[in-house]
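Spelled out from the first residue to the last, the chains are:
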Amino acid sequence: MAGGQGRVLELAVLGSLHETPLHGYELRKRLNALLGMFRAFSYGSLYPCLRSLLERGLITEEQPAPTTIVGGRSKIVYKLTAEGKERLQEMLTQAGPSAWEDESFGVHFAFFRHTEAEVRLRILEGRRSRLEERLDAVRTALARTAERLDSYTLELQRHGLESVEREVRWLNELIATERRASQEPERDTRSTDE
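Residues numbered from 1 in each chain as written. Predicted model: local features only at pLDDT ≥ 70, side-chain atom pairs only at ≥ 80, totals over all residues. Heavy atoms only, no water.

In the annotation of an unreviewed UniProt entry, the entry for the chain reads DNA-binding transcriptional regulator, PadR family, and the organism field reads Nonomuraea pusilla.

Right, here's the structure in full:
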């Protein structure tokens, strides 16, 4: 799939199908519930993505048995293939700038439970760095233009600044938690009865 948005949708679909096989409507509902605060996926973008994933052998589709068809329409169920699982793991190991930009960070974060700790940490640190750069730019611009702004525009600027500061604090907490977890000794999960 070409483009950043296509890769984000591909990751979201593969990650969702990794959880369980789904038909298109269920998949769209799951994507919107899981990632709705970050983006809403339409059928106009979802079905071309599914078609591309099918053509590339990353997912398969199953027609339900005729006895399970409800309401006269069959619902195709999409499942992840072994190649799809490999592609998902490949995508989850990518920790470069595309993983921490606004359009893709939320999707990567939603599937952190399937991501290696080292990669999670790099993504979180990259996101924090990007937001700190944004904070510096907004503070500089605000300092230069504050006296020329009306009170509503100034409040909007302050609100944006506070939102980014809040996300940086949240990221700092997540990074500290990840670092503490990586320093804990590995627990032996074997039975003591052996």
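A word on the packing of aromatic side chains
Counted by the stated rule, this structure contains four aromatic pairs. Aromatic rings pair up to connect Phe-105, Phe-109, Phe-112 and Trp-170 into one cluster. (Phe/Tyr/Trp six-rings, centres within 6.5 Å; stacked < 30°, edge-to-face > 60°.)

Focus on the side chain of His-108
Here His-108 is to be found in helix 6 (residues 102-110). Exposure remark for His-108: the relative accessible area of 8% places this residue in the buried category. In contact with His-108, not counting residues within four places along its chain, are Leu-11, Met-91, Gln-94, Ala-99 and Ile-123. (Helix = DSSP H or I, 4+ residues; strand = E, 2+ residues; numbered from the N terminus. Buried < 20%, exposed > 50% of the residue type's maximum accessible area, 1.4 Å probe, protein only. Contact = heavy atoms within 4.5 Å.)

So, the pairing of strand 3 (residues 77-80)
Residues Tyr-78 and Leu-80 of strand 3 are buried on one face, while the alternating residues Val-77 and Lys-79, pointing to the opposite face, are not. Bridge analysis of strand 1 (residues 22-23) against strand 3 gives two bridges, and the strand direction is antiparallel. If you follow Leu-22 over to strand 3, its bridge partner there is Tyr-78. Here strand 2 (residues 59-62) pairs with strand 3 via four bridges, running antiparallel. If you follow Thr-60 over to strand 3, its bridge partner there is Lys-79. (Pairing = 2+ DSSP bridges.)

Re the nonpolar core
Ranked by internal contacts, the top residues of the largest apolar core, which has 25 residues, are Val-13, Leu-14, Leu-17, Leu-27, Leu-31 and Ile-59. Take this core: its biggest share by element is seven residues, from helix 1 (residues 3-19). Formed by 17 residues, the second largest nonpolar core is a distinct cluster that contains Leu-135, Leu-142, Leu-161 and Val-164. (Core = buried A, V, L, I, M, F, W, Y, C linked by side-chain atoms within 4.5 Å.)

Remarks on the pattern of salt bridges
Close approach of charged atoms lets side chains of opposite charge pair. Taken as a whole and judged by the stated rule, the model has 15 salt bridges. Residue Arg-113 pairs with Glu-19 through a salt bridge whose shortest N-O separation is 2.8 Å. Separated by 94 residues along the polypeptide, Arg-113 in the loop between helix 6 and helix 7 (117-145) and Glu-19 in helix 1 bring together distant segments of the chain. Residue classification places Glu-19 among the partly exposed positions, given a relative accessible area of 36%. A salt bridge links Asp-102 to Arg-127, with the nearest nitrogen and oxygen atoms 2.7 Å apart. Placement of Asp-102 in helix 6 and of Arg-127 in helix 7 is noted, with a sequence separation of 25 residues between them. Residue classification places Asp-102 among the partly exposed residues on the basis of a relative accessible area of 40%. Exposure remark for Arg-127: the relative accessible area of 6% places this residue in the buried category. (Salt bridge = Lys/Arg side-chain N within 4 Å of Asp/Glu carboxyl O.)

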